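In case you want the letters, here they are:
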Amino acid sequence: MNAAPADQIRLLDVQALDVRLSQLDHKRTSLPEHAEIESLTKDLAQLRDLLVASQTEESDTAREQTKAEQDVDQVRQRAARDQQRLDSGTVSSPKDLENLQREIVSLAKRQGDLEDVVLEVMERRESAQERVTELTERVAAVQAKTDDAASRRDAAVKGFDGEAATVTKERELVAASVPADLLKLYEKLRVKEGGVGAARLYQRRCEGCRLELNVTELNDVRQAARDTVLRCENCHRILVRTADSGL
């Protein structure tokens, strides 16, 4: 393949712009905010699970407290009725009086036991409420950190995208001035060789593979016509001669 030396030089310009686009893409995907957001998101999911569990516990203990208080109220009302009967003097049978008094004592004990249950449930509910408050605050704090990291990430990505758009336009303009067959070969090699399809020959060294050409390779390069499109014997990339090639 042949191409004017100036066209080959422009191919290096295309390569430089492609390298810049790759660098921008790498910077975009390797932003520290990505890992930060991923870590915070995991923490947030765990905290929200704990919060839901605590809210469920608080709700369950609230129902349990209501039921226990209702039980206490029922016993209290029954004891009040029995005491009222006892005080009214309507019960005259000694046996009935004894049974009524025994029931009042039993209800008093039952009421005391149920009130202990209410206190125990109230303590558990209070503990659950405190846990809900704590977790709600922690969720809000981690969410704020996540939002901040996302904002920083979006700002950085926007900057990279803006620069990439400018470089892409410049690349299109430069690539349009390169012969189609030369550009096609370059694109094929660029995909195959990890993003680098053309390299400068600098001080007898290929800047694609960083290897110095041996004597035989250098002689072949010296003897080649200026418009001959050369390929590196080592990495097979397009090898472009410049004033600094050391020939």
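Now for a look at the structure at hand.

## What to know about the overall build of the chain
- The number of helices and strands found in the chain is five helices and four strands.
- Across the chain, helices and strands are ordered from the amino to the carboxyl terminus as α-α-α-α-β-β-α-β-β.
- The C-alpha atoms of the chain give 42 Å as radius of gyration, which overshoots the globular expectation for 247 residues (18 Å, by more than 25%).
- A principal-axis box enclosing the C-alpha atoms of the chain has dimensions of 135 × 35 × 25 Å.
- When burial is assessed residue by residue, the chain has 32% of its 247 residues classed as buried.
- Contacts spanning at least 24 positions in sequence make up 76% of the contacts within the chain whose residues lie at least 6 apart.
- Roughly 15200 Å² of accessible area belongs to the chain as shown, and the carbon and sulfur atoms make up 51% of that amount.
- Positive and negative charge centroids in the chain, built from 39 and 47 side chains respectively, lie 7 Å apart.

## Here's the deal with the packing of helix α1 (residues 5-29) against helix α3 (residues 94-176)
- With their axes 9 Å apart at the nearest point, α1 and α3 run at an angle of 165° to one another. Taken together, the axes of α1 and α3 are roughly antiparallel relative to one another. Judged by the sense of rotation from one axis to the other, the crossing of α1 with α3 is left-handed. Residues Arg-10, Asp-13, Val-14, Leu-17, Asp-18, Arg-20, Leu-21, Leu-24, Lys-27 and Arg-28 of α1 form the contact with α3, whose participating residues are Val-157, Phe-160, Asp-161, Glu-163, Ala-164, Val-167, Thr-168, Glu-170, Arg-171, Val-174 and Ala-175.
- Here the residues of the contact of α1 with α3 are counted per class, giving 10 nonpolar, one polar and 10 charged.

## Here we look at the pairing of strand β4 (residues 238-241)
- Of the two faces of β4, the one holding Ile-238 and Val-240 and the one holding Leu-239 and Arg-241 are both buried throughout.
- As paired strands, strand β1 (residues 198-202) and β4 are joined by four bridges and run parallel to one another. Bridge pairing in β4 links Ala-199 to Leu-239.
- Pairing of strand β3 (residues 230-231) with β4 involves two bridges; the strand directions are antiparallel. Bridge pairing in β4 links Arg-231 to Ile-238.
- Hairpin connection, β3 to β4: the antiparallel pair is bridged by six residues, and His-236 has positive phi, about 70°.

## A look at a positive patch on the surface
- On the surface, a cluster of positive charge is made up of Lys-184, Lys-188, Lys-192 and Arg-231.
- For the positive patch, the leading source of residues is helix α4 (residues 180-192), giving three residues.
- In this fold, Lys-188 is placed in helix α4.

## Overview of the pattern of salt bridges
- Evaluation of the coordinates by the stated rule reveals 28 salt bridges.
- Where Arg-131 meets Glu-134, a salt bridge forms, and the shortest distance between an N and an O atom there is 3.2 Å. Linking Arg-131 with Glu-134, this pair stays in helix α3, spanning three residues, or about one helical turn.
- Note on Arg-131: relative accessible area 29%, which makes it partly exposed.

## Observations regarding the state of the cysteines
- This structure, assessed with the given rule, holds zero disulfides.
- There is no disulfide at Cys-209, and the cysteine sulfur nearest it, in Cys-232, is 3.8 Å away.
- Using a relative accessible area of 23% as the deciding quantity, one classes Cys-209 as partly exposed.
- Of the cysteine sulfurs around Cys-232, a residue in no disulfide, the closest is that of Cys-235, at 3.7 Å.

## Some remarks on the nonpolar core
- Counting residues in each nonpolar core, the largest one holds 23 residues, and the members touching the most others are Leu-11, Leu-182, Tyr-186 and Ile-238.
- Elements represented by at least two residues in this core include exactly α1, α3, α4 and β4.
- Looking at which element gives the most residues to this core, the answer is α3, with six residues.
- When sequence neighbours within four positions are dropped, the list of residues in contact with Leu-182 reads Met-1, Ala-3, Asp-7, Gln-8, Leu-11, Val-229 and Ile-238.

Analysis parameters
- Residues numbered from 1 in each chain as written.
- Predicted model: local features only at pLDDT ≥ 70, side-chain atom pairs only at ≥ 80, totals over all residues.
- Heavy atoms only, no water.
- Helix = DSSP H or I, 4+ residues; strand = E, 2+ residues; numbered from the N terminus.
- Rg over C-alpha atoms; globule rule 2.2 N^0.38 Å.
- Buried < 20%, exposed > 50% of the residue type's maximum accessible area, 1.4 Å probe, protein only.
- Contact = heavy atoms within 4.5 Å.
- Areas by Shrake-Rupley, 256 points an atom, 1.4 Å probe, with all protein chains shown as cover.
- Lys, Arg positive; Asp, Glu negative; His and termini not counted.
- Charge placed at Lys NZ, Arg CZ, Asp CG, Glu CD.
- Axes fitted to C-alpha atoms, helices over the stretch in contact; angles between N-to-C directions.
- Parallel < 35°, antiparallel > 145°, perpendicular 65-115°, else oblique.
- Left-handed = near helix turned anticlockwise from the far one by under 90°.
- Nonpolar A, V, L, I, M, F, W, Y, C, P; charged D, E, K, R; others polar.
- Pairing = 2+ DSSP bridges.
- Patch = residues over 30% accessible without salt bridge, like charges linked within 9 Å, V, L, I, M, F, W, Y side chains within 5 Å.
- Salt bridge = Lys/Arg side-chain N within 4 Å of Asp/Glu carboxyl O.
- Disulfide = S-S within 2.5 Å.
- Core = buried A, V, L, I, M, F, W, Y, C linked by side-chain atoms within 4.5 Å.

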